[in-house]
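Descriptive analysis of the structure
Okay, here's what each chain looks like letter by letter:
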Amino acid sequence: MEITRSVSLQPLNSFGVPAVAAHFAAISNRAELEEALAFAKAERLPIQVLGGGSNVLFIRDYPGLVLHMENHGVEFLQTMPGQMQRVRAGAGENWHDFVSMCSRKGLYGLENLALIPGTVGAAPMQNIGAYGAEIADCLIELSVYDRKKNSWLTMDKSQCEFSYRDSLFKQSGRDRFIIFDVTLELSTAWYPNLSYAALANALVNQEPTAEQVIEAVCSIRRSKLPDPGVLGNAGSFFKNPIISEDKYASLLEQLPGLPSYQTGESGLTKIPAAWLLDKLGWKGRTRGAAKVHDAHALVLVNTGDASGEDILLLAQAMSSSVLESFGIALEPEVQIL
Ligand SMILES: Cc1cc2nc3c(=O)[nH]c(=O)nc-3n(C[C@H](O)[C@H](O)[C@H](O)COP(=O)(O)OP(=O)(O)OC[C@H]3O[C@@H](n4cnc5c(N)ncnc54)[C@H](O)[C@@H]3O)c2cc1C
């Protein structure tokens, strides 16, 4: 394994902002990960794990060692009772390719998560979700390297503390666990999940195949979200706020028509951050080359040569205005590094 100095991270983050890693290693297997960690320890370097770079915003150069997860491989494991089968994938696998591969093999449950950018290893980090599904629905266990105990371990789903766009790995386990592979349990029987209205509407009067659901999800996503290959972005910049039902009732007086969604927890409701930002007129506003997308107030884009700081300052102005106007603190979904 080679450790390279002064590596540009610009092609490795979907915002396309400039940043340089002082040290960089591509990790293809367990031995390389251990070797890279030993190097960082000997050199007293901080470590930053990076997958596809689609949920990070670099606001400065990184002074330590970036570990780029490039371990591949998908294993189809034992079949389980109740028409289920387990499948294990390396952290460096591309998420969308993995979703498509499972569907082609007749293993179902991930269709609604098609076209989410990034890697398999990062997916549990924020419990990726879309169109009424999230990875926690299918996840069984993870192989991780525990940097605190300097050992490999297997963590089951209950240890991952999954919640809405969140997990142990984004909270207390941040900087501690490196996810090496992910095991999911998928169904060999096909039942579409059309709980999300926009998806159900796109497939109305059909009994869609898994392939058709994937196509519909991809087409809705393409119509709503800019392609990071064309216009740098990291999808939704902020999480949708979860607030008490009392707070929601008082907000409704100020904001008639404010939508709300169930959270599964009594007394709490989720409201769309994009709706609040849209009300405040954020769509299309700019700071240098950083811009709020014309069609989606939750998506910040790099129109050319924006720096990470430009994007951060625009995001901070947006969240301040929501706090001042509605008393709601927006939380970034993107990891600011
Ligand atoms: C256009 C667009 C649309 C998007 N839509 C959605 C969506 O619908 N739903 C959704 O949930 N997300 C969405 N995202 C966000 C993003 O795709 C996901 O968060 C994705 O899982 C990030 O994967 P990544 O490999 O790019 O992670 P990175 O951006 O490389 O890393 C994200 C975080 O995970 C950590 N990390 C990465 N790999 C590992 C690992 N192996 N072990 C430990 N930590 C790790 C990193 O240190 C970092 O903190 C979207 C992004 C874009 C650009």
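For the structure, see preceding data.
I will try to describe carefully the structure that is included in this document. (Residues numbered from 1 in each chain as written. Predicted model: local features only at pLDDT ≥ 70, side-chain atom pairs only at ≥ 80, totals over all residues. Heavy atoms only, no water.)

Looking now at the packing of aromatic side chains. Scanning all chains against the criterion turns up eight aromatic pairs. Each ring, one from Phe 15 and one from Phe 237, has its centre 6.3 Å from the other, and the planes form 55°; the classification is tilted. Of the two residues, Phe 15 sits in the loop between strand E1 (3-8) and strand E2 (20-27) while Phe 237 sits in the loop between strand E13 (232-236) and strand E14 (242-244), which places them 222 residues apart along the sequence. Each member of the pair, Phe 15 together with Phe 237, is buried. Ring geometry for Trp 95 versus Phe 98: centroids 5.8 Å apart, planes at 55°, classification tilted. Placement of both Trp 95 and Phe 98 in helix H2 (residues 95-104) is noted, with a separation of three residues, approximately one turn of the helix. (Phe/Tyr/Trp six-rings, centres within 6.5 Å; stacked < 30°, edge-to-face > 60°. Helix = DSSP H or I, 4+ residues; strand = E, 2+ residues; numbered from the N terminus. Buried < 20%, exposed > 50% of the residue type's maximum accessible area, 1.4 Å probe, protein only.)

Turning next to the environment of Gly 64. The residue Gly 64 is located in strand E5 (residues 62-69) in this model. Judged by relative accessible area, Gly 64 falls into the buried class, the value being 0%. The spatial distance from the C-alpha of Gly 64 to the C-alpha of Gln 48 is 7.4 Å, given a sequence separation of 16 residues. Beyond its immediate chain neighbours, meaning those up to four positions away, Gly 64 contacts Ala 22, His 23, Leu 45 and Pro 46. (Contact = heavy atoms within 4.5 Å.)

The biggest cluster of nonpolar side chains holds 45 residues, and the ones touching the most others in it are Phe 15, Phe 237, Leu 277, Leu 300 and Ile 311. If you list the elements that add at least two residues to this core, you get E2, strand E4 (56-57), E5, helix H5 (245-254), helix H6 (273-279), strand E18 (290-292) and helix H7 (308-326). Per-element tally for this core: the top contributor is H7, with seven residues. Counting contributing residues per domain, this core is built from domain 1 (3-69) and domain 3 (226-336), each supplying no fewer than three. Counting 41 residues, the second-largest nonpolar core is a separate cluster that includes Ala 123, Cys 138, Phe 162 and Leu 184. (Core = buried A, V, L, I, M, F, W, Y, C linked by side-chain atoms within 4.5 Å. Domains from an automatic or database assignment.)

What follows covers the sheet that holds strand E7 (residues 84-90). Strand order across the open sheet formed by five strands is E6-E7-E12-E10-E11, with antiparallel pairing between neighbours. Where the open sheet ends on each side, the last strands, each with one partner, are strand E6 (74-80) and strand E11 (151-156). Going from strand to strand, the sheet's axes swing by 20° on average, the running direction of each strand aside. In the sheet, strand E10 (residues 139-146) pairs with strand E12 (residues 177-187) via seven bridges, with the strands oriented antiparallel. By the bridge assignment, Asp 146 is partnered in E12 with Phe 177. Lying over the sheet, helix H1 (residues 30-43) contacts E10, E11 and E12, oriented at roughly 150° with respect to E12. (Pairing = 2+ DSSP bridges. Axes fitted to C-alpha atoms, helices over the stretch in contact; angles between N-to-C directions.)

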